[in-house]
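# Observations on the three-dimensional arrangement
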Amino acid sequence: MTSSTKKIVLSAVQPTNSPHIGNYLGAIKNWVPLLDQYQCIFFAVDLHSITVKQDPAELRENTYQAIANYIACGIDPKKAILFIQSQVPEHLELAWILTCNSSMGELSRMTQYKDKSQKHGAHIPTGLFIYPVLMAADILLYGTQYVPVGEDQKQHLELARDLAERMNNAYGPLFTVPDPMIQKTGARVMSLQDPENKMSKSDPLAGATVFLNDSDKEIEKKFKRAVTDSGTEVSAENQSNGIKNLIQIQASFLNEDYDTVLNRYIGKQYGYLKIDTANVAINAIRPIREKTAEILKDRDYLDQILKAGREEAKRRAQILLNEVYKRVGFVRQ
Ligand code: TRP
């Protein structure tokens, strides 16, 4: 297949904090095999990040880190288009057009907005409200077919689909209506301290989240202290959420089935499962952490990748945006 006929897969991360093993096992790791079949577009959404207050120096560093992380996790910059959202201002241009075609009502129904806005009292940043429209622009700007998304982003993707259809009806065919990409492989990683809940970057519980930049010692400590249940040995019949999570994490890192891992531990004390899973995680995370650090040291290399990525993204975005502007009735000369 030539690059022009490949379908587009697109995803993005907010450059806040280091990614954790849930982001890796549930998402990034599973994108590596997509690189040959699809034209993949991955970027760091710094414009989305400033919907809540950011420290400028940290934001800049985290943005580089997000891109370095993609590469360290196996996203080959020769195959994927990698860039920083704010370096392709076409995202903002399309976001404005889409904003004018969205309604206060539909944006008010976004559950993430409802959750996040609660933390701001009477001063809800307007950006938080518009956030899903910018995300829709991110997606629609490239004729994206598939968006690998987690459960929490499904409603936003639904909005992107609605906006695509609405624009196509109003102005004639312009946008590809994107589909969520649900991958069979890839785990839903739960908190190590509260295995009823998903692992999260912002979990306040100490040791709940294993980050990709954690040291070997930190990783070991977190797994050793992982919450299990009042039992002592792994049972064949049923496993508590804490035990299931450890088995699932180990299975995902090793590319094994859940049952294959389970069978190794039946009748054994929980401690063995914890220590082995810690070691498996340490061995998988160490090369990613070291590669990320190495890439981050070479800013010239990173800037070169970002320049190539931004140029290709712009080239594609401008073709579509120009057509949108014409259809909307703007004078183009
Ligand atoms: N909203 C997404 C998140 O918080 C990040 C994001 C922004 C995104 N634009 C996107 C994800 C486009 C997929 C496609 O995780």
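Read on for a plain summary of the structure. (Residues numbered from 1 in each chain as written. Predicted model: local features only at pLDDT ≥ 70, side-chain atom pairs only at ≥ 80, totals over all residues. Heavy atoms only, no water.)

Right, let's talk about the packing of helix H4 (residues 90-99) against helix H7 (residues 126-140) for a bit. Between H4 and H7, whose axes approach to 8 Å, the crossing angle comes to 120°. As summarised for this structure, H4 and H7 are arranged oblique, according to the angle between their axes. Judged by the sense of rotation from one axis to the other, the crossing of H4 with H7 is right-handed. Here His-91, Leu-92, Leu-94, Ala-95, Leu-98 and Thr-99 of H4 come into contact with H7, specifically with Ile-130, Val-133, Leu-134, Ala-136, Ala-137, Asp-138 and Leu-140. (Axes fitted to C-alpha atoms, helices over the stretch in contact; angles between N-to-C directions. Helix = DSSP H or I, 4+ residues; strand = E, 2+ residues; numbered from the N terminus. Parallel < 35°, antiparallel > 145°, perpendicular 65-115°, else oblique. Left-handed = near helix turned anticlockwise from the far one by under 90°. Contact = heavy atoms within 4.5 Å.)

For Asn-255, which is not a glycine, the phi torsion comes out positive at approximately 55°. Structurally, Asn-255 can be placed in the loop between helix H10 (241-254) and helix H11 (258-265).

Before going further, it helps to examine helix H13 (residues 299-328). Its 30 residues give H13 an end-to-end C-alpha distance of 40 Å, which sits within 8% of 44 Å, the value for a rise of 1.5 Å per residue. Burial in H13 covers these residues: Leu-302, Ile-305, Leu-306, Gly-309, Ala-313, Ala-317, Leu-320, Leu-321, Val-324 and Tyr-325. For H13, the elements touching its buried residues are helix H3 (56-72), strand E3 (81-84), H4, H7 and helix H12 (270-297). (Expected span 1.5 Å × (residues − 1). Buried < 20%, exposed > 50% of the residue type's maximum accessible area, 1.4 Å probe, protein only.)

In the structure shown here, the tally under the stated rule is nine aromatic pairs. Relative to Tyr-146, the ring of Tyr-38 has its centre 5.8 Å away and its plane inclined at 80°; by these criteria the two rings are edge-to-face. Here the residue Tyr-38 occupies a position in the loop between helix H1 (21-31) and strand E2 (39-44), and Tyr-146 occupies one in strand E4 (residues 146-148), the gap between them amounting to 108 residues. Aromatic pair Tyr-113 and Phe-129: ring centres 5.0 Å apart, planes at 70°, arrangement edge-to-face. Of this pair, Tyr-113 sits in helix H6 (residues 111-118) while Phe-129 is found in helix H7, placing the two residues 16 residues apart along the sequence. Like Tyr-113, the residue Phe-129 is buried in the burial classification. (Phe/Tyr/Trp six-rings, centres within 6.5 Å; stacked < 30°, edge-to-face > 60°.)

Opposite charge on two side chains permits them to pair, given that their charged atoms come into close proximity. Summed over all chains, the structure comprises 18 salt bridges. Salt-bridge contacts for Glu-90 lead to Lys-314; the nearest nitrogen and oxygen are separated by 3.5 Å. Of this pair, Glu-90 sits in helix H4 while Lys-314 sits in helix H13; the two residues are 224 residues apart in sequence, bridging distant segments of the chain. Assessed through its relative accessible area of 24%, Lys-314 is described here as partly exposed. Between Glu-256 and Arg-264 there is a salt bridge; the shortest N-O distance is 2.8 Å. (Salt bridge = Lys/Arg side-chain N within 4 Å of Asp/Glu carboxyl O.)

Close to the ligand lie Leu-10, Ser-11, Ala-12, Gln-14, Val-45, His-48, Tyr-131, Met-135, Asp-138, Ile-139, Val-147 and Gln-153, which account for all nearby residues. Note that a nitrogen atom of the ligand is positioned 2.7 Å from one of the side-chain N or O atoms of Tyr-131. Here a nitrogen atom of the ligand sits 2.7 Å away from a polar atom, N or O, in the side chain of Asp-138. Protein burial of the ligand: of its 360 Å² of free accessible surface, 88% is covered by the chains. When the residues that make up the shell around the ligand are grouped by side-chain class, the tally is seven nonpolar, four polar and one charged. (Near = heavy atom within 4 Å. Polar contact = N/O pair within 3.5 Å; in protein donor to acceptor, adjacent residues only side chain to side chain. Areas by Shrake-Rupley, 256 points an atom, 1.4 Å probe, with all protein chains shown as cover. Nonpolar A, V, L, I, M, F, W, Y, C, P; charged D, E, K, R; others polar.)

This part is about the environment of Lys-217. If you trace the backbone, Lys-217 turns up in helix H9 (residues 216-224). The spacing of Lys-217 and Ala-278 is 61 residues in sequence and 9.7 Å in space, taken between C-alpha atoms.

In this section: the pairing of E3. A two-sided burial pattern is seen for E3, the buried positions comprising Ile-81 and Phe-83 on one face and Leu-82 and Ile-84 on the other. Relative to E3, E2 is paired through four bridges, and the arrangement is parallel. Counterpart to Phe-43 in the pairing with E3 is Phe-83. (Pairing = 2+ DSSP bridges.)

Looking at the element boundaries, Thr-63 is found in helix H3. Looking at Thr-63, the relative accessible area reads 6%, which means it is buried.

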